[in-house]
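# Structural description and commentary
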Amino acid sequence: MRRFLRPAAGLSCLFALATAGCSADTDTTSEATPAQSAEASEETSSSTSYAPYVSATEASGNDSAGAPTTYNLAFVIADGSDCTPTWNDSHAIGDSSVATRISELKEDGASVRVSFGGASGKELAESCGSATALAQAYGEALDAAGSTQADFDIEGDALTDSASVELRSKAIALLQKSRGDLTVSFTLPVMPSGLDDDSLALLESANNSAVQVSTINLMTMNYSETYDEDMGDYAITSAKAAHTQLKDVFGTSDAVAWRAIALTSMIGVNDVDNETFTLSDAAQVRAFAEEKEIGWVSMWSTFRDQECDDEGDELTNCSGVEQSSGAFAEAFAE
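Residues numbered from 1 in each chain as written. Predicted model: local features only at pLDDT ≥ 70, side-chain atom pairs only at ≥ 80, totals over all residues. Heavy atoms only, no water.

### Remarks on the side chain of arginine 168
Rules: Every helix listed is a DSSP run of H or I at least four residues long, and every strand listed is a run of E at least two residues long, numbered separately from the N terminus. Exposure classes here rest on a 1.4 Å probe applied to the protein chains alone. A residue is buried below 20% of its type maximum, exposed above 50%, and partly exposed in between. Two N or O atoms form a polar contact when they lie within 3.5 Å of each other; inside protein one atom must be a possible hydrogen donor and the other a possible acceptor, and for residues adjacent in sequence the pair counts only when both atoms belong to side chains.
Along the chain, arginine 168 turns up in helix 6 (residues 162-178). Look at arginine 168 and you get buried, because its relative accessible area is 1%. A polar contact is formed between the side chain of arginine 168 and the side chain of glutamate 123, at a distance of 3.1 Å.

This is the structure:
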């Protein structure tokens, strides 16, 4: 593994821990406190919030189970090869039906976070020709959702495309300059050994552009067929490994690094054979998150949080395990 770490003082400002702006060239030796971290994070309380992924275009009867604090709207991607944001490449960003859905999600006081990218389609940074155009596209989607929270789910080819990684970092920095209340999270794949070199390079790129990141959301799922034991244990092992990396990389305390982590599990049957995330695993992850005061927990996804019927597809609209509807949400929210 290549050496990634630079002096801690030069990296500690990546997390949005202080009210003053910072850059990769900032010369400071003071460490941000857990109190500062809480001020800049999504929630000011010390409790772990529940923020599931939902379809931006189609309601599920399980959306409100567990009384989410925030909904992650999946996903904004490019319209083909154009620098035009769309909801799932199926609905225009200003589609009235999506706007109505988002308003309904907010009715009980929850906020929405716009998630850009995901495993399918093109992330906008792969289609836009300049940082200015990309920032404009991101901003258009945020405005359509009425959101001040942006999540960048970067995986697969988008994670290894260094050109789009750099362009995205510059665009997010521009966006934060014009939107002082914008919070940013990166959703990244993780293994029980921690974040890989590509994910660390993405964080280095964000730091070089002076992006302030509130949260690193770890996708604790889809490791490989060799990981065929307890999925709750694997999630916790992955979180601990990533925590050690983030604490070292950013030169910050245990508490601050834990607060800057989120955990997202794929409930039930996973895309990889031998991986099944159970309700017991969900309770285990929730208990661990509470113990460490992790920022938030999430799941993929509300529309899978139900038992399959004869016509159900366990990877798209149900979990593939025996459960009552909304049971995973309740386990993650307790």
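### Quick word on the state of the cysteines
Here is the rule we go by: When two cysteine sulfur atoms are found within 2.5 Å, that pair is recorded as a disulfide.
Inspection of every chain in the model, using the stated rule, returns 2 disulfides. Here cysteine 83 is linked by a disulfide to cysteine 128, with a sulfur-sulfur distance of 1.9 Å. Looking down the S-S bond of the cysteine 83 and cysteine 128 bridge, the torsion is 85°, so its handedness is right-handed. Remark: cysteine 128 occurs in the loop between strand 6 (111-117) and helix 4 (131-145) and cysteine 83 occurs in the loop between strand 3 (70-78) and strand 4 (85-87); sequence separation between them is 45 residues. Accessibility expressed as a relative area gives 27% for cysteine 83, which makes it partly exposed. Given a relative accessible area of 7%, cysteine 128 falls into the buried group. Paired by a disulfide, cysteine 308 and cysteine 318 hold their sulfur atoms 2.0 Å apart. Its S-S torsion of about 90° marks the bond between cysteine 308 and cysteine 318 as right-handed, since a negative value means left-handed. Here cysteine 308, found in the loop between strand 13 (296-300) and helix 11 (327-333), pairs with cysteine 318, found in the loop between strand 13 and helix 11; they are 10 residues apart in sequence, far enough to count as distant. Counting only the cysteines that take part in disulfides, in the order they occur along the protein, gives the pairing 1-2, 3-4.

### A word on a negative patch on the surface
Definition in use: Surface patches are defined over residues having more than 30% relative accessible area and no salt bridge, joining like charges when they lie within 9 Å and nonpolar side chains (Val, Leu, Ile, Met, Phe, Trp, Tyr) when within 5 Å. Under the convention used here, a 1.4 Å probe and the Shrake-Rupley method define accessible areas, while residue burial counts only the protein chains that appear. Within this document, salt bridges are pairs made up of a side-chain nitrogen of Lys or Arg and a carboxyl oxygen of Asp or Glu, the two lying within 4 Å of each other. The charged-residue count follows a simple rule in which Lys and Arg add positive charge and Asp and Glu add negative charge, with His and chain termini not counted at all. Charge placement uses NZ in Lys and CZ in Arg. For Asp and Glu, CG and CD serve respectively.
The grouping of Asp228, Glu229, Asp230 and Asp233 at the surface amounts to a negative patch. Its location among the elements puts aspartate 233 in helix 8 (residues 231-250).

### Things to note about helix 4
Under the convention used in this document: The span you would expect from a helix comes to 1.5 Å times its residue count less one. Note on contacts: a residue pair is in contact if any heavy atoms of the two residues lie within 4.5 Å.
Over its 15 residues, helix 4 extends 21 Å from the first C-alpha to the last, a length consistent with the 21 Å expected when each residue adds 1.5 Å. Where helix 4 is buried, its residues meet strand 3, strand 4, helix 3 (96-105), strand 6, strand 7 (149-153) and helix 6. Backbone geometry just downstream of helix 4 places glycine 146 in the positive-phi region, at approximately 65°.

### A closer look at the pattern of salt bridges
This structure, assessed with the given rule, holds 5 salt bridges. With its nearest N and O atoms 2.9 Å apart, the salt bridge here joins arginine 101 to aspartate 63. Of the two residues, arginine 101 sits in helix 3 while aspartate 63 sits in the loop between strand 2 (53-55) and strand 3, which places them 38 residues apart along the sequence. Classification of arginine 101 by relative accessible area gives buried; the value is 7%. Where lysine 247 meets aspartate 254, a salt bridge forms, and the shortest distance between an N and an O atom there is 2.7 Å. On the basis of relative accessible area, lysine 247 is assigned to the partly exposed category, the value being 27%.

### Things to note about the packing of aromatic side chains
Threshold: Ring pairs are drawn from Phe, Tyr and Trp, using the six-membered ring of Trp, whenever the two centres fall within 6.5 Å, and their geometry is named by plane angle: stacked under 30 degrees, edge-to-face over 60, tilted for the rest. Look at NZ for Lys and CZ for Arg. If either is within 6 Å of the ring centre and within 35 degrees of the ring normal, a charge sits over the ring.
For the structure shown, the criterion picks out 13 aromatic pairs. When the ring of tyrosine 227 is compared with that of tyrosine 234, the centres are 5.2 Å apart and the planes differ by 85°; the resulting orientation is edge-to-face. Judged by relative accessible area, tyrosine 227 falls into the partly exposed class, the value being 23%. Feature note: the residues Tyr53, Phe75, Trp300 and Phe303 constitute an aromatic cluster, connected by ring pairs. Cation over ring: arginine 113 sits above tryptophan 296, and NZ or CZ is 4.1 Å from the ring centre.

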